[in-house]
Amino acid sequence: MLTTTVRLHDETEIEVECNSLRQKAKKSHLSDVETDILIDHFVKTAMPLIASGRLMRSQGSNLNVTRSLKGLGYVMQIEFTTRNSRSLFARLAGLFSNR
Amino acid sequence: MPTSVVSGTTTAFEMLSMLPENQRNALLAEHAKGMLDISRKAIEMNVDVAALSAALGTVASITVQAAKDGNSVTASHVQTTSIARTEVIMGNTDAARLGKLTKSQTGEFNWTPIYIIIGIIALVIIANVFGK
C-alpha cells in the first residue's frame, strides 16, 4: 500500500513527479498495472491544477488546492499552491526538499 | 468669447458675464482643464475596473472548475487600483468561508517566523549563559 503526499506548485515539472511516484510505487511493491493507474490518476488531477495555477499566478492571484486520491494500492494526498502564496516556512521547507 | 458656462447654477452665469475678458478667459481655461482631468480620471477608473473584472472572472471560473473536479480549493486575489484595494477569497474550504486572507495571500510580509527564530536564538543564548 502506497501512502504519500505530493506537493505541487505552478512550476512543477510533471515528469519529475511521475518518476518520483514510480520509484515510491516500486518501493511499496505496487504492480506495473497499479503503478500505471496511479500515474494516470495523478497526471489527470495535477495537470489542470498546474495550468490553472500558472494562469492565476500570471494575474497575481493565489490558488491553494488539496485533493485526496484513492485507488487500488494507493492513497495519495495532493497539495497544490501557487508559488507567490507560499509562506516563509513553506519556502524554507521547499528549499530543503528541492521544490 | 463665451460669456457663460454650463454649470447648473445661475450664479455662475451671472458672475461670468460680469467679469472682464482676461479673467473670463482664465476661468474658462481652468474649467476646461478640470473637465479634462475628470475625463482622464474616468478613463483610468474604467480601465482599472475592466482589469479587476477580468481577473475576478478568471479566479471565479477556475475556482468553480476546481471544486467541480472534487478538489478542496481556496483562491484569492488582491489588487490595488486607483479606486480601492480589493481583497477577494473564494472556494469551498473553511478558510474561504471565513473570508480572511493570510498575510502571504495579501502579499504582506509575515514577521511571525522571524519573531519565532529570534525567540529561539535568545533562548539558546540565555541557556548557554546560565549553563556556564
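Reading the values: the criteria
- Residues numbered from 1 in each chain as written.
- Chains lettered and ligands numbered in written order.
- Predicted model: local features only at pLDDT ≥ 70, side-chain atom pairs only at ≥ 80, totals over all residues.
- Core = buried A, V, L, I, M, F, W, Y, C linked by C-beta atoms within 7 Å.
- Buried ≥ 20, exposed ≤ 12 C-beta atoms within 10 Å, placed from the backbone.
- Helix = DSSP H or I, 4+ residues; strand = E, 2+ residues; numbered from the N terminus.
- Contact = placed C-beta atoms within 7 Å.
- Pairing = 2+ DSSP bridges.
- Domains from an automatic or database assignment.

*Asks:* Teacher, can you tell me more about the nonpolar core here?
*Replies:* Across soluble globular proteins, nonpolar side chains show a tendency to be buried alongside one another. With 24 residues, the main nonpolar core has Leu38, Leu63, Val65 and Phe80 of chain A together with Ile62 and Ala75 of chain B as its most contacted residues. Elements represented by at least two residues in this core include exactly helix 1 (14-27), helix 2 (32-58), strand 2 (61-71) and strand 3 (74-81) of chain A together with helix 2 (21-68), strand 1 (72-80) and strand 2 (85-91) of chain B. If one sorts the elements of this core by residue count, helix 2 of chain A sits on top with five residues. Other than its neighbours up to four places away in sequence, Ala75 of chain B contacts Met56, Ser61, Asn62 and Leu63 of chain A together with Val59, Ile62, Thr63, Met90 and Gly91 of chain B.

*Asks:* Can you help me understand the pairing of strand 2 of chain A in this one?
*Replies:* Moving residue by residue along a regular strand, the side chains alternate between the two faces of the sheet. The pairing of strand 2 of chain A with strand 1 of chain B spans six bridges and is classified as antiparallel. Within strand 1 of chain B, the position partnered with Val65 of chain A by the bridge is Val73 of chain B. In this sheet, strand 3 of chain A lies alongside strand 2 of chain A in antiparallel orientation, the contact comprising eight bridges. Residue Asn64 of chain A lies in a different strand from strand 3 of chain A, and its bridge partner there is Thr81 of chain A. The loop that links strand 2 of chain A with its antiparallel partner strand 3 of chain A comprises two residues; one of these, Gly73 of chain A, has a positive phi angle of about 90 degrees.

*Asks:* Is there a simple way to think about the domain arrangement of chain B in this case?
*Replies:* A common way to state how big an interface is: give the accessible area lost once the parts meet. Domain boundaries in chain B define domain 1 (10-101) and domain 2 (103-132). A separation of 40 Å is found between the C-alpha centroids of domain 1 of chain B and domain 2 of chain B.

*Asks:* What am I meant to see in the pairing of strand 3 of chain A here?
*Replies:* Looking at chain direction, strand 1 (residues 2-8) of chain A and strand 3 of chain A are connected through seven bridges and run parallel. Along strand 3 of chain A, the bridge assignment pairs Leu8 of chain A with Phe80 of chain A.

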